[in-house]
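Coordinates in review
So the chains spell out like this:
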Amino acid sequence: MANTAVIYTRLSAQREGDTQTLDTQAEVCARLAAHKELEVLETFAEGSGVSAFKKGQDRPELDRLQAYVRANPGTTVLAWEISRLTRRLVDLSSWVEQMDTYGLRIVTPQLDTADPSGRLMLTIMAAMAEQESLEKSVRVTEGKVRQRSGNRYMGGTPPTGYRYVDDDSGALEIDPESAQVMQQAVKLFLDDRLSMRATALALNADGHLGRTGRPWTSGTIKNVFTTPAIAGLMEKADGTYG
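Residues numbered from 1 in each chain as written. Predicted model: local features only at pLDDT ≥ 70, side-chain atom pairs only at ≥ 80, totals over all residues. Heavy atoms only, no water.

Looking at the packing of helix α6 (residues 196–205) against helix α7 (residues 218–226)
Contact geometry for α6 and α7: axes closest at 8 Å, N-to-C directions at 100 degrees. The angle between the axes of α6 and α7 places the two elements in the roughly perpendicular class. Contact residues: M196, R197, T199, A200 and L203 in α6; S218, I221, K222 and F225 in α7. Taken together, the residues of the contact of α6 with α7 sort by class into five nonpolar, two polar and two charged. (Axes fitted to C-alpha atoms, helices over the stretch in contact; angles between N-to-C directions. Helix = DSSP H or I, 4+ residues; strand = E, 2+ residues; numbered from the N terminus. Parallel < 35°, antiparallel > 145°, perpendicular 65-115°, else oblique. Contact = heavy atoms within 4.5 Å. Nonpolar A, V, L, I, M, F, W, Y, C, P; charged D, E, K, R; others polar.)

Considering α6
Among the residues of α6, those classed as buried are T199, A200 and L203. Each buried residue of α6 lies within a common arc of 100 degrees when the element is viewed along its axis, so the set occupies one face. Facing away from the buried side of α6 by more than 90 degrees, the exposed set consists of R197 and A205. Elements in contact with the buried residues of α6: α5 (176–191) and α7. (Buried < 20%, exposed > 50% of the residue type's maximum accessible area, 1.4 Å probe, protein only. Arc of directions from axis to C-beta.)

Quick word on the sheet that holds strand β4 (residues 105–107)
The four strands lie next to each other as β2-β1-β3-β4, forming an open sheet whose pairing is parallel. Both edges of this open sheet fall to β2 (39–46) and β4, since each of them pairs with a single strand only. Geometrically, the sheet is characterised by an average inter-axis angle of 25 degrees between neighbouring strands, direction not taken into account. Judged from the three bridges that link them, strand β1 (residues 4–10) and strand β3 (residues 76–79) form a sheet pairing that is parallel. Note on β3: the bridge partner recorded for V6 is V77. Its contacts with the sheet place helix α1 (residues 22–35) against β1, β2, β3 and β4, and it is angled at close to 155 degrees to β1. (Pairing = 2+ DSSP bridges.)

A short note on the nonpolar core
Within the largest apolar cluster, 18 residues are counted, with the highest numbers of intra-cluster contacts made by L65, V77 and L85. Put simply, the parts of the chain that give this core at least two residues each are β1, α2 (60–71), β3 and α3 (92–102). The residues contacting V77, other than those within four sequence positions of it, are V6, Y8, L65, V69, L85, L104, R105, I106 and V107. The next biggest cluster of nonpolar side chains, apart from the first, holds 10 residues, and it includes A200, W216, I221 and V224. (Core = buried A, V, L, I, M, F, W, Y, C linked by side-chain atoms within 4.5 Å.)

Structural notes on the packing of α2 against α3
At a closest axis distance of 10 Å, the pairing of α2 and α3 adopts a crossing angle of 25 degrees. Between α2 and α3, the interaxial angle falls into the category roughly parallel. Between α2 and α3, the contacting residues are L62, L65, Q66, V69 and R70 on the first element and W95, Q98 and Y102 on the second. A per-class count over the contact of α2 with α3 returns five nonpolar, two polar and one charged.

With respect to the pairing of β3
Where burial is concerned, the two faces of β3 agree: the one with T76 and L78 and the one with V77 and A79 are both buried. When β3 meets β4, the two strands line up parallel, connected through three bridges. Across the sheet, L78 pairs through a bridge with V107, a residue of β4.

What about the packing of aromatic side chains?
Considering all chains together, one arrives at one aromatic pair under this definition. With centroids separated by 5.7 Å and ring planes inclined at 65 degrees, the aromatic side chains of F44 and Y68 adopt a geometry described as edge-to-face. One end of the pair, F44, is in strand β2; the other, Y68, is in helix α2, and 24 residues separate them in sequence. With a relative accessible area of 0%, F44 lands in the buried category. In this structure Y68 comes out as buried when scored by relative accessible area, which is 17%. (Phe/Tyr/Trp six-rings, centres within 6.5 Å; stacked < 30°, edge-to-face > 60°.)

A short note on the side chain of T76
For T76, the location among the structural elements is in strand β3. Residue contacts for T76: discarding those within four places in its chain leaves T4, A5, V6, L38, R105 and V107.

Brief notes about unusual backbone geometry
One non-glycine residue, E37, lies in the positive phi region at around 60 degrees. Residue position: E37 is located in the loop between α1 and β2. The exposure class of E37 is exposed, given its relative accessible area of 65%. One non-glycine residue, R193, adopts positive backbone phi at about 60 degrees. Along the chain, the position of R193 falls in the loop between α5 and α6. Of the residues examined, R193 reaches a relative accessible area of 72% and is grouped as exposed.

By themselves, these observations are geometric and do not establish any function.
What follows is the structure, encoded as structure tokens:
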């Protein structure tokens, strides 16, 4: 595998007037292969409109490439630039791991991980991404603690029966209109002994809609009945409710 390589190309979106195509990326990689004296065995071409940034988006050719790398230790991957493989810096660490585990070599016009400087560049980028991820996690945790300490609601949309106080405190107050609907729902369920489905149907028949403006269902009834907020309990700074 030392003198062979595969090409990976990806085009996020094809816009009118764009000069870059999958073919032009492949041509750049082919010239790079010739310069490095590598024989191209296969090209993995991802279709237009596939993002390297959106987490969870299907990238079948990338999946096929990674399976190829695992099955063929010592693979060299040629790409137009590193962003073709990923725009998420946090994902670079997985490529570095494959370099260690499977002897992967990544070559772009900007870097070659067979060279110490190219490998160092990719490793530094991955380390910076991991550090940023850790710092972000700490910032999020500290922010939540501050919100709880200031009696700020931790969610986005207030729970059914509540609304935000009309200031910047982030505190909640009872919403008389939706609270009345909740009282009716509890009465139907506990006093009239209706099922959750029947309770939802009764609320819908009376013209009441859920928080999102959609009809009630047994699922949404269950959600509002099981949230601590229905009993006036909110998450405190120590993570308990009261």
